[in-house]
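What follows is the residue order along each chain.
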Amino acid sequence: MTVESVRPGTSEGTPLREPPVAGGGVPLLGHGWKLVRDPLAFLGQLRDHGDVVRLKLGPKTVYAVTTPALTGTVALSPDYIIAGPLWESLESLLGKEGVATANGPLHRRQRRTIQPAFKLDAIPAYGPIMAEESYALVERWHSGKVLDVTAESFRVAVRIAARCLMRGGYMDARADRICTDLATLFSGMYQRMVVPLGPLYKVPLPANREFNRALADLHVLVDEIVADRRASGQKPDDLLTALLEAKDENGDPIGEQEIHDQVIAILTPGSETVGATVMSLLLVLTEHPELGDKIHDEVKTVVGDRPVAFEDVRKLTYTANVVTETLRLYPAVWILTRRAVTDTELGGYRIPEGADLIYSPYAVQRDGRSYERHEEFDPDRWLPERSGDVPKYAMSPFSVGNRKCPSDHFSMAELTLLTAVIASAHRFEHAGGSDPRPRIGITLRPRRLMLRALPR
């Protein structure tokens, strides 16, 4: 089947089927309670029930897509847009006018505005900042204190994003505000997605007050960033300048709300996903110390005794494969939703106009039908002679099509450089209070990672 839509009644007279309903739903909440209690296990077993399966989330029916081929179809077909429970839960954070949530001509114009910042020939200019922040990170760890890996990972992600894309020498206090706010928001938004109780989230309970406080503070913070740049009178060649000088379809400056939503869309999801991945990488290096030893040896061979530089990244192939395998087993973006904009067909099933679809990169990328030893951490599965065995769309950590993350090459370079610097400097062990179990939110990361960094 191609990614082109097949309208009902056009598939050579073959009647379209109604997708089966997943078992285990309960009154009122439907399957939402399973998506709260153990969503990873629940989503991971849905393929056993069908390629497309109906779920009940409270009063809503959503369609879970479970195979690599069909998730690729959903991502690429014009029959589906960015919408649905995930994006509705994110709307209070990301707004409606940023590149993460916009559709159609507005989305295409916004991608044209931001894409130059992420072109392959633009990324090397960010290398010195990435390296500087990586070495500043490991330098702080020489003190021997127990590391709160959540704070450390998100701080370095925020600082690299801010300094590279907005040329801001932001203080740690501002980065800390972003990290604290995002931790509260992404946790609360997941609950709002799977248990859509609407007005009940406006009741002034402690959790709701904390959510609203974090949301208000993050929006104030973004306004501060934009105001600081305008007050400075400077126009460095960066993404923030491109946004402030962007024009709409009529040649007029884009509005203040769009600028605000664009800064949010660039700064927060990117920092959240990279920070979560850094946490997962540190968990991998802790629980598989032999991987860190191999990375250390590769860096020694490629770089020698000098500091790792951006120019070394392409030669650090084993390090990059460790990053890729981490993205497979621990994808920060572990759940996605789309909405059908027309009556259409998917895998022989009828999908009505307005239907919401859900699929999980986490489930797809751990499926034993796509990977041998699918639960095993094996960086060598990404060697050229083996990576061709992976089915198409069974590994899409940055998505595909016109919703593919524009910063995919930027993020891979950043993560590879960070991993090389970290593994060259330290081994790790769990400290008291460390809890590596998955923390389920809009993004996926270890729950509470407390580590000791042991110098090599």
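Residues numbered from 1 in each chain as written. Predicted model: local features only at pLDDT ≥ 70, side-chain atom pairs only at ≥ 80, totals over all residues. Heavy atoms only, no water.

Student: Please set out the overall build of the chain residue by residue, giving values where relevant.
Tutor: Summing up its helical and strand segments, the chain has 16 helices and twelve strands in all. In summary, the chain has a C-alpha radius of gyration of 22 Å against a globular reference of 23 Å for 456 residues, a match within 12%. When the backbone C-alpha atoms are referred to their principal axes, the chain occupies close to 70 × 55 × 45 Å. Every one of the 456 residues in the chain was classed for burial, and the buried ones make up 55%. Considering only contacts in the chain between residues 6 or more positions apart, those separated by 24 or more positions represent 71%. A total accessible area of about 19,600 Å² is found for the chain, and carbon and sulfur atoms account for 55% of it. Of the charged side chains in the chain, 55 are positive and 59 negative, and the gap between their average positions amounts to 3 Å. (Helix = DSSP H or I, 4+ residues; strand = E, 2+ residues; numbered from the N terminus. Rg over C-alpha atoms; globule rule 2.2 N^0.38 Å. Buried < 20%, exposed > 50% of the residue type's maximum accessible area, 1.4 Å probe, protein only. Contact = heavy atoms within 4.5 Å. Areas by Shrake-Rupley, 256 points an atom, 1.4 Å probe, with all protein chains shown as cover. Lys, Arg positive; Asp, Glu negative; His and termini not counted. Charge placed at Lys NZ, Arg CZ, Asp CG, Glu CD.)

Student: Just give me the short version of the confidence of the model for the chain, but keep the residues and values in it.
Tutor: Scored by pLDDT, the chain has a mean of 87; 93% of the residues are at 70 or more. Residue range residues 1-11 is modelled with pLDDT below 50. Its contacts to residues more than four positions away, or to other chains, number 23 contacts. (pLDDT = per-residue confidence, 0-100.)

Student: So, the nonpolar core: which residues are in play, and what are the values?
Tutor: Grouped burial of nonpolar side chains is what soluble globular proteins tend to show. Grouped together as the largest cluster of nonpolar side chains are 115 residues, with contacts concentrated most on Trp 141, Leu 165, Leu 282, Phe 410 and Phe 428. Considering every element that reaches this core, the biggest residue donor is helix α11 (residues 256-287), with 15 residues. In this structure Trp 141 touches Leu 147, Glu 152, Leu 282, Ile 422, His 426, Phe 428 and Ala 453, once residues within four positions along its chain are discounted. In this structure, Leu 70, Ala 75, Leu 336 and Ile 351 belong to the second largest nonpolar core, which totals 16 residues. (Core = buried A, V, L, I, M, F, W, Y, C linked by side-chain atoms within 4.5 Å.)

Student: Account for the pattern of salt bridges, naming residues and giving values.
Tutor: In the structure shown here, the tally under the stated rule is 33 salt bridges. Glu 376 is the partner of Arg 373 in a salt bridge, and the nearest nitrogen-oxygen pair spans 3.0 Å. By relative accessible area, which is 37% here, Glu 376 ends up partly exposed. What you see here is one network of salt bridges that share partners, running through Glu 372, Arg 373, Glu 376, Asp 378 and Arg 386. (Salt bridge = Lys/Arg side-chain N within 4 Å of Asp/Glu carboxyl O.)

Student: Any chance you could break down α11 for me, citing the residues and the numbers?
Tutor: Helix length check: α11, at 32 residues, gives a terminal C-alpha distance of 46 Å against a target of 46 Å (1.5 Å per residue), a fit within 8%. The element α11 is largely enclosed, with a buried count of 26 among its 32 residues. (Expected span 1.5 Å × (residues − 1).)

Student: Describe the packing of aromatic side chains, listing the residues and the values that go with them.
Tutor: The tally for this structure, following the rule as stated, stands at four aromatic pairs. Aromatic pair Phe 118 and Phe 410: ring centres 5.9 Å apart, planes at 85 degrees, arrangement edge-to-face. Highlighted residues: Phe 118 in the loop between α5 (104-114) and α6 (127-140) and Phe 410 in helix α16 (residues 408-425), separated in sequence by 292 residues. Of the residues examined, Phe 410 reaches a relative accessible area of 4% and is grouped as buried. Both rings, one in Tyr 126 and one in Phe 410, keep their centres 5.3 Å apart while their planes meet at 70 degrees; by these two values the pair is edge-to-face. Placement of Tyr 126 in the loop between α5 and α6 and of Phe 410 in helix α16 is noted, with a sequence separation of 284 residues between them. Taken together through their ring pairs, the aromatic side chains of Phe 118, Tyr 126 and Phe 410 make up a single cluster. The ring centre of Tyr 330 lies 5.5 Å from the NZ or CZ of Arg 366, which sits over that ring. (Phe/Tyr/Trp six-rings, centres within 6.5 Å; stacked < 30°, edge-to-face > 60°. Lys NZ or Arg CZ within 6 Å of the ring centre and 35° of its normal.)

Student: Lay out the environment of Asp 248 with the relevant residues and their values.
Tutor: Its location among the elements puts Asp 248 in the loop between α10 (239-244) and α11. C-alpha of Asp 248 to C-alpha of Leu 106: the two residues are 142 residues apart in sequence and 8.7 Å apart in space. For Asp 248, the contacting residues outside a window of four places in its chain are Arg 109, Pro 253 and Ile 254. One polar contact links the side chain of Asp 248 to the main-chain amide nitrogen of Asn 250, over a distance of 2.8 Å. (Polar contact = N/O pair within 3.5 Å; in protein donor to acceptor, adjacent residues only side chain to side chain.)

Student: Give a description of the packing of α6 against α16 that names residues and reports values.
Tutor: Where α6 meets α16, the axes come as close as 9 Å, and the angle between the chain directions of the two elements is 35 degrees. Of the two possible hands of crossing, α6 and α16 adopt the one that is right-handed. Contacts between α6 and α16 involve Gly 127, Met 130, Ala 131, Ser 134, Tyr 135, Leu 137 and Val 138 from the first element and Phe 410, Ala 413, Glu 414, Leu 417, Leu 418, Val 421, Ile 422 and Ala 425 from the second. Within the contact of α6 with α16, the residues separate by chemical class into twelve nonpolar, two polar and one charged. (Axes fitted to C-alpha atoms, helices over the stretch in contact; angles between N-to-C directions. Left-handed = near helix turned anticlockwise from the far one by under 90°. Nonpolar A, V, L, I, M, F, W, Y, C, P; charged D, E, K, R; others polar.)

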